[in-house]
Amino acid sequence: MRFDGTTTPAAIRVVRHPARFSGAILQWLQENVPEGSYLDPMAGVGGVHVLAGELEHADGRITRRITVGVEIEPEWAAMHRETRYGDLFEVLPRWAAENVLFNGIVVSCCYGNRFADHHNAADNSERHGYTHDLRETTGDMKRKLAATSSGTLHFGRAYIDWHRRAWDVCATVLVPRGWMFLNVSDFIRRK
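It should be emphasised that the depicted structure is a prediction, and the values quoted were computed from it without experimental measurement. (Residues numbered from 1 in each chain as written. Predicted model: local features only at pLDDT ≥ 70, side-chain atom pairs only at ≥ 80, totals over all residues. Heavy atoms only, no water.)

> Account for the overall build of the protein chain, with residues named and values stated.
Within the protein chain one finds six helices and six strands. Secondary structure elements of the protein chain, listed N to C terminal, follow the sequence α-α-β-β-β-α-β-α-β-α-α-β. The 191 residues of the protein chain split such that 49% are buried. Pairs at least 24 apart in sequence give 69% of the contacts found in the protein chain among residues at least 6 apart. Summed over its atoms, the accessible surface of the protein chain is roughly 10,400 Å², and 53% of this surface lies on carbon and sulfur atoms. (Helix = DSSP H or I, 4+ residues; strand = E, 2+ residues; numbered from the N terminus. Buried < 20%, exposed > 50% of the residue type's maximum accessible area, 1.4 Å probe, protein only. Contact = heavy atoms within 4.5 Å. Areas by Shrake-Rupley, 256 points an atom, 1.4 Å probe, with all protein chains shown as cover.)

As structure tokens, then:
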């Protein structure tokens, strides 16, 4: 797999990442997200970019959208040319200061469940997790997540605080009355 920003959507689907948008969610977003510019501050492998471009709806409407992603893991950021490598807590304040604003945020945030563990499997395990999937993607079985990645956090106070800060920073780059489409997963403990 080449990490040159020209990877096709079909190739992205084979890259392991535990919190990518599902096909059903992308279809719903495609049909319901209004025109405008959209940011994914935790872009992962770049699924949000499926929303970019023009879409003609069954009723004849045409929706035009542009998408920009920010991703803290360089290998995943390199999967799409419209994803910028960086930490959302550093990139978004710069954009806000430059008055770079978006009509909405579209994000599948890191799940604070077992995906966020520090599973150190060195094999081709079917198990998914942020660390393990990044290692599978890069082929580097010693690769660790960025220290400030929310993929390192299990659900709890630190996880909640991190995401509250993230949503506050996201709000600084939203137009007034901007949209936020947030994909989350249930956290099930003890069945």
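Next comes the rest of the account.
> Outline unusual backbone geometry, supporting the account with residue identities and numerical values.
Here the phi dihedral of N99 falls at roughly 60°; this positive angle occurs in a residue that is not glycine. With respect to the helices and strands, N99 occurs in the loop between helix 4 (88–97) and strand 5 (102–108). With a phi angle near 65°, R177 is a residue other than glycine that sits in the positive phi range. Counting through the fold element by element, R177 comes out in strand 6 (residues 174–183). Since its relative accessible area comes to 83%, R177 is described here as exposed.

These values are about where atoms sit, not about what they do.
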